[in-house]
Amino acid sequence: MSADRELAAEVTVAAPAARVWQVLTDFRNLAAASPELMAMTPLKPGGLREGQWYVGWNRRKAAVWPTRNVVAEVVLNQRLVWDTTSSGARWIYQLAPIGDHTRLSLRRPVPRRLTSMSGLFATAFLGGAQSHADELEAGMRTTLEYLKSVAER
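The present account deals with the structure reproduced in this document. (Residues numbered from 1 in each chain as written. Predicted model: local features only at pLDDT ≥ 70, side-chain atom pairs only at ≥ 80, totals over all residues. Heavy atoms only, no water.)

**Comments concerning the overall build of the chain**
Selection rule: A run of DSSP states H or I qualifies as a helix once it reaches four residues; a run of E qualifies as a strand once it reaches two. Both are numbered from the N-terminal end. Only heavy atoms enter the contact rule, under which two residues are in contact if any of them lie within 4.5 Å. Where accessible areas are quoted, they stem from the Shrake-Rupley method and a 1.4 Å probe; at the residue level, only the protein chains shown are allowed to cover.
The secondary structure content of the chain amounts to four helices and seven strands. Listed by position from the N terminus, the elements making up the chain come as β-α-α-β-β-β-β-β-β-α-α. Within the chain, contacts between residues at least 6 apart in sequence are counted, and of these 51% link residues at least 24 apart. Counting every atom, the chain has about 7800 Å² of accessible surface; 57% of that belongs to carbon and sulfur.

Structure representation (structure tokens):
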């Protein structure tokens, strides 16, 4: 598989969309769930909203790095999208009701362009773009399974 492929994962959660949304948008849960993300720190006042900036603090083995993220779309109980401007990636969380359950999906479409810094960083510190893409996709599944477990409590 290529590093410039779409990455995707999904789970079905035995909880209504409002509960899944509550868990998803508490970014402490994302940091606890993700093998790579350590924290998301807001940079502007106003809470989660379109246009909000976050610094994502990431780690892989000994490498630690920040990313700049801009919230692109917030649709209550349905969709959360942000762009990682430092890499060129877009992250799309979608919630879809299925009876009294919710399908929670996460996609990273093929980036329009990966920044040159992202490519250099992946090569120097992350084992290459292909290896990192494989790890990201596995981490997406891990993240969704964790969010599922929290929402179902």
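So that's the structure; there's more coming.
**Re the sheet that holds strand β7 (residues 101-108)**
Here is the rule we go by: By this definition, two strands are paired if DSSP reports at least two bridges between them. The convention used is that axes are lines fitted to C-alpha atoms, helices contributing only their stretch in contact, and that angles between N-to-C directions extend from 0 to 180 degrees.
Spatially, β1-β7-β6-β5-β4-β3-β2 is the arrangement adopted by the seven strands of the open sheet, whose pairing is antiparallel. In this open sheet, the two strands that pair with only one neighbour each are β1 (7-13) and β2 (37-42). Between one strand axis and the next, the sheet turns through 20° on average, direction left out of account. Taken strand by strand, helix α1 (residues 17-24) contacts β1, β4 (63-75), β5 (79-84), β6 (89-98) and β7, and its axis lies near 155° from that of β6.

**Brief notes about the environment of Ala 96**
Relative to the elements of secondary structure, Ala 96 occurs in strand β6. Separated by 84 residues in the primary sequence, Ala 96 and Thr 12 have C-alpha atoms spaced 9.3 Å apart. When sequence neighbours within four positions are dropped, the list of residues in contact with Ala 96 reads His 101, Thr 102 and Arg 103.

**Points about the side chain of Glu 137**
We apply this condition: Side-chain atoms alone can form a polar contact between residues adjacent in sequence; in general such a contact is a pair of N or O atoms within 3.5 Å, and within protein one must be able to donate a hydrogen while the other accepts it.
Its place among the elements puts Glu 137 in helix α4 (residues 129-151). Among the polar contacts listed, one links the side chain of Glu 137 to the backbone nitrogen of Ala 8, at a separation of 3.1 Å. Non-local contacts of Glu 137, meaning those with residues more than four positions away in its chain, are made with Arg 5, Glu 6, Leu 7 and Ala 8.

**Structural notes on unusual backbone geometry**
Condition: Think of it in three bands: with a 1.4 Å probe and only protein chains considered, a residue is buried below 20% of the maximum accessible area for its type, exposed above 50%, and partly exposed in between.
Residues other than glycine seldom take positive phi values, yet Lys 61 does so here, at roughly 55°. Note that Lys 61 resides in the loop between β3 (53-60) and β4. Here Lys 61 falls in the exposed class, since its relative accessible area comes to 76%. At Asn 77, a residue that is not glycine, the phi angle is positive and equals roughly 65°. Relative to the helices and strands, Asn 77 is located in the loop between β4 and β5. A residue is classified by how much of its surface remains accessible, and Asn 77, at 24% relative accessible area, is partly exposed.

**A word on the packing of aromatic side chains**
Quick note on the threshold: Side-chain rings of Phe, Tyr and Trp (the six-membered ring for Trp) are treated as a pair once their centres are within 6.5 Å; stacked means planes under 30 degrees apart, edge-to-face means over 60, and tilted covers the remaining angles. Throughout this description, the term charge over a ring refers to an Arg CZ or Lys NZ atom that lies within 6 Å of the ring centre and within 35 degrees of the ring normal.
One pass over the full model with this rule turns up three aromatic pairs. When the ring of Trp 82 is compared with that of Tyr 93, the centres are 5.7 Å apart and the planes differ by 35°; the resulting orientation is tilted. Placement of Trp 82 in strand β5 and of Tyr 93 in strand β6 is noted, with a sequence separation of eleven residues between them. Judged by relative accessible area, Tyr 93 falls into the buried class, the value being 5%. Each residue in the set Phe 27, Tyr 54, Trp 82 and Tyr 93 is aromatic and connected to the rest through ring pairs, giving one cluster. Positioned above the aromatic ring of Trp 53, the side-chain terminus of Arg 68 is 4.2 Å from the ring centre.

**A few points about α1**
To be explicit about the condition: The arc in question is traced by the directions running from the helix axis to the C-beta atoms.
Within α1 the residues assigned to the buried category are Ala 17, Val 20, Trp 21, Val 23 and Leu 24. Taken down its axis, α1 places every buried residue within 165° of arc, on the same side.

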